[in-house]
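This is what each chain is made of:
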Amino acid sequence: MSFSPIGILGGTFDPIHHGHLRIAQEALEQCNLAQVRFIPCGTPPHRAAPRTSAKQRLEMVLLALHGHPDFVVDAREVARTDPCYTVDTLTALRAEFGPQKPLCLILGGDAFLQLHTWHEWKRLFALAHIVVLQRAGGLPLGNAMNNADAMLKAEYRARLAPGAGVLHEAPSGAIFVADMPALEISATDIRRRCAERKSIRYLLPDAVTHFIHTHQLYLTC
Ligand code: ATP
């Protein structure tokens, strides 16, 4: 039996930009996902506090996804004040979608290489597949894995899927590497440009740019 998987893209989204939207689109198409759920985190456990409130980051995600039929905003983490661990969010999604629905956690290659530092990271494989987007022109993920954490490397080798079809045949447990055109866009760079009063046009959707300017966000470093 085959089920269309649900894609899950968590992030700080401070702000959301075309790099995020493109990895979601690539995962949607290459893995034939039913939808991609964007989940802005409330209090990220792995990094400094976001520069904007969870409500503002949620509003920017809503503006960015407006009109896309297969992109869904999931606000479950935004209301929380305690650290949001992906393993907890996936546990809640697994309970909602049931034991058979394939769930695919979508990660950039940089995020995947740090997976072994995440809270209860090995449990993630029991809850979801992992789709890693490898950037064209960069070091192929297979090569980057040579220098990765030994336990992460072992999981990668054991779970690597030969094709996206595997994501439809089981609810969780595989790692699939999808391709992504290199878009050297980061939220850090966008915030820096705002602080330097430089243009951020074409790096993110116009509606998000407008929101940033209207609310005078990121004006200091
Ligand atoms: P910051 O610059 O503040 O660290 P960011 O732009 O990297 O933020 P995050 O919200 O931390 O954005 O990232 C969420 C996910 O999106 C991560 O899995 C990350 O690897 C991925 N991602 C972010 N930007 C890109 C990009 N330009 N190309 C591919 N993946 C990306």
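Preceding this section is the structure that the text describes.
Every chain is numbered on its own, with residues counted from 1 as its sequence reads. With pLDDT at 70 or above as the cut-off, local features in this predicted model cover only qualifying residues; side-chain atom pairs require 80 or more to be listed or tallied, and sums for whole chains, interfaces and linings still use all residues. Side-chain measures were taken over the full set of non-hydrogen atoms in the model, leaving aside hydrogen atoms and water.

**Q** Outline the nonpolar core, supporting the account with residue identities and numerical values.
**A** Core analysis: the largest hydrophobic core is formed by 39 residues, its most contacted members being Ile-16, Val-36, Phe-38 and Ile-212. Helix numbering and strand numbering both begin at the N terminus, where a helix is a DSSP run of H or I of at least 4 residues and a strand a DSSP run of E of at least 2. Secondary-structure elements contributing two or more residues to this core are α1 (18-30), β2 (35-40), α2 (54-65), β4 (103-108), β5 (129-135), β6 (175-180), α9 (187-195) and α10 (206-214). Broken down by element, the residue count for this core peaks at 5 residues, all from α1. Between two residues, a contact is recorded if the distance between any of their heavy atoms is within 4.5 Å. Not counting residues up to four positions away in its chain, the partners in contact with Ile-212 are Pro-15, Met-60, Cys-194, Ile-200, Leu-204, Leu-217 and Tyr-218. In this text, buried Ala, Val, Leu, Ile, Met, Phe, Trp, Tyr and Cys residues form a nonpolar core when linked through side-chain atoms within 4.5 Å. To sort residues, take the accessible area from a 1.4 Å probe on protein chains only and compare it with the maximum for the residue type: under 20% means buried, over 50% means exposed, and anything in between is partly exposed. Among the nonpolar cores identified, the runner-up in size contains 25 residues, and Ile-6, Leu-124, Leu-141 and Ile-175 belong to it.

**Q** I'd like a rundown of the site of the ligand, residues and numbers included.
**A** Here a residue is considered near a molecule or strand provided that any single heavy atom belonging to it is located within 4 Å of it. Around the ligand sit 21 residues, and of these His-17, Arg-47, Asp-110, Leu-183 and Thr-188 come closest. Polar contact is the term for a pair of N or O atoms within 3.5 Å; when the atoms are in protein, one must be able to donate a hydrogen and the other to accept it, and sequence-neighboring residues count only if both atoms are side-chain atoms. Measuring from a nitrogen atom of the ligand, one finds a backbone N or O atom of Ile-185 at 2.9 Å. Contacts to the ligand include Ala-187, whose backbone N or O atom sits 2.8 Å from an oxygen atom. Using a 1.4 Å probe, accessible areas were evaluated by the Shrake-Rupley method; residue-level cover was limited to the displayed protein chains. Notes on the ligand: free accessible area 600 Å², of which the protein chains cover 88%. Of the grid points, spaced at 1 Å and generated over the protein atoms alone, those admitting a 1.4 Å probe that cannot get out make up cavities, while open sets with protein on both sides within 12 Å along at least five of seven lines make up pockets; any residue with an atom within 4 Å of a point is treated as lining. A molecule is said to be in a cavity or pocket once over half of its atoms fall within 2 Å of that pocket's grid points. Most atoms of the ligand, that is more than half of them, are within 2 Å of grid points of the largest pocket. Counting only elements with at least two residues in the shell around the ligand, the list comes to β1 (6-11), α1, β4, α4 (109-112) and α9. Its residues assigned to classes, the shell around the ligand comprises 8 nonpolar, 9 polar and 4 charged. Basically, the charged four are Asp, Glu, Lys and Arg, the nonpolar ten are Ala, Val, Leu, Ile, Met, Phe, Trp, Tyr, Cys and Pro, and anything else, Gly included, counts as polar.

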